[in-house]
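Chain residues, written in single-letter form:
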Amino acid sequence: MCPEITGNPVRTLPKPAAPCVAMLVDKPPKGPDWAFEVKWDGYRLALHVEPDRVRIITRGGYDWTPRFASIAAEARQLGYETLILDGEAVVLDDQGRSDFGMLQRALGKRPSLHDPREIIFFAFDLLYVDGWDLRRLPLRERRWLLEPIVAGREGAIRLSEEVEADGEEFFRIACEHGLEGIVAKRRDKPYQSGRRPDWQKIKCVRSDSFVIVGYEPSTMPGAIGRLLLAARRGEGLVYVGGCGTGWTYQESRKLRELLDTIVAGQPAVALRRKGAVFVRPVLVAEAEYRAWTEDGKLRHPSFKGIRERADDAGMYEFV
């Protein structure tokens, strides 16, 4: 299976570890050492196939296998006793673009137009297969081993294709087609946990994760007027502004119901806001925005979705 690999095989799967995370940069890198892919807008997952079970682990280390039952079921059809795939779970819109809001509705407990069986796992890296830990191999060799496992599949598990193109041209086309952006990866580098320059993301629209520290009620009954958001600064949080768009009235009501279950007596940031309701900083909002103001606030933010803070490894860090 792996004639190129040297050393002794590892008979037990590695324990779930933090994934390699792409750094946000302003423009694509140049040169033949870089491979390019579409940037998917979903949940980062590690798919662990073991002799007696399949596990789907989030980037925060949580076992979410029951939430992705169709992906887990198809993993058994890949033909390997042990396997670890790194990838992204998404729901595609009618134009083939990943949509984080549609994914959240498919995973939600309430009835939705989107079924969990619509969720697709796009695999973009192979970390372990049948006794071999591949993380020390360069990306080009890991991809060479990954492609025959998932290429050509059209079900719940698919290959995230590498695009042979100039980075700037690919980025321009991605933005023209309404994609979130692209990812660039060094072909010659091993797989290492954490945020590293070996993987870079370039976004058509700026978006990041921010802690929800409170909200301002809407004039409409039971709804939210603005979410109050914070970013990390060292071990603490700093207020980065409010977000008042990106949801329907019904979604706003549901969000307020959720936040009212975690109300806090004191704000988690240095902030005084008359009429605001402060909450414990345990939920993270995905938000798009145009830029940062000179005083460190988000400019024109728009709400995209929500996740648990404990599972968000990519939260914006305010420097």
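Residues numbered from 1 in each chain as written. Predicted model: local features only at pLDDT ≥ 70, side-chain atom pairs only at ≥ 80, totals over all residues. Heavy atoms only, no water.

(A) Fine view of the packing of aromatic side chains. What the rule picks out here adds up to 10 aromatic pairs. Centroid distance F210 to Y289: 6.0 Å. Interplanar angle 75°. Geometry classified as edge-to-face. Residue F210 is located in strand β11 (residues 206-217), and its partner Y289 is located in strand β15 (residues 283-289); the two are separated by 79 residues in the primary sequence. Seen from the ring of W64, R67 lies directly overhead, with NZ or CZ sitting 3.9 Å from the centre. (Phe/Tyr/Trp six-rings, centres within 6.5 Å; stacked < 30°, edge-to-face > 60°. Helix = DSSP H or I, 4+ residues; strand = E, 2+ residues; numbered from the N terminus. Lys NZ or Arg CZ within 6 Å of the ring centre and 35° of its normal.)

(B) Broad picture of helix α3 (residues 139-150). If you check α3, its first and last C-alpha atoms are 16 Å apart, about what 12 residues at 1.5 Å a residue would give, namely 16 Å. Where α3 is buried, its residues meet β2 (34-38), β5 (83-90), β6 (120-129), β8 (157-159), β9 (181-186) and β10 (194-203). G152, located one to two residues past α3, shows a positive phi value of around 85°. (Expected span 1.5 Å × (residues − 1). Contact = heavy atoms within 4.5 Å.)

(C) Spotlight on unusual backbone geometry. Residue D130 is not a glycine yet carries a positive backbone phi of 40°. Position of D130 among the secondary structure elements: in the loop between β6 and β7 (132-133). Its relative accessible area of 32% is what places D130 among the partly exposed residues. (Buried < 20%, exposed > 50% of the residue type's maximum accessible area, 1.4 Å probe, protein only.)

(D) Spatial organisation of the state of the cysteines. What the rule picks out here adds up to 1 disulfide. The partner cysteine of C175 in its disulfide is C204, sulfur to sulfur 2.1 Å. With the S-S dihedral at roughly -95°, the linkage between C175 and C204 falls on the left-handed side. Here C175, found in helix α4 (residues 167-176), pairs with C204, found in the loop between β10 and β11; they are 29 residues apart in sequence, far enough to count as distant. You can see C243 has no disulfide; the closest cysteine sulfur is in C204, sitting 20 Å from it. On the accessibility criterion, C243 (1% relative accessible area) is buried. (Disulfide = S-S within 2.5 Å.)

(E) The sheet that holds β10, seen in detail. The strand order across the open sheet formed by 4 strands is β1-β10-β9-β2, and the pairing between neighbours is mixed. Bordering the open sheet on either side are β1 (20-24) and β2, each of which pairs with just one other strand. Across this sheet, the average inter-strand angle for adjacent strands is 40°, counted without regard to direction. Where β1 lies against β10, 5 bridges are found, and the strand directions are parallel. The residue of β10 that forms the bridge with L24 is K201. On top of the sheet, α4 reaches β2, β9 and β10; it is set at about 155° to β9, its chief contact. (Pairing = 2+ DSSP bridges. Axes fitted to C-alpha atoms, helices over the stretch in contact; angles between N-to-C directions.)

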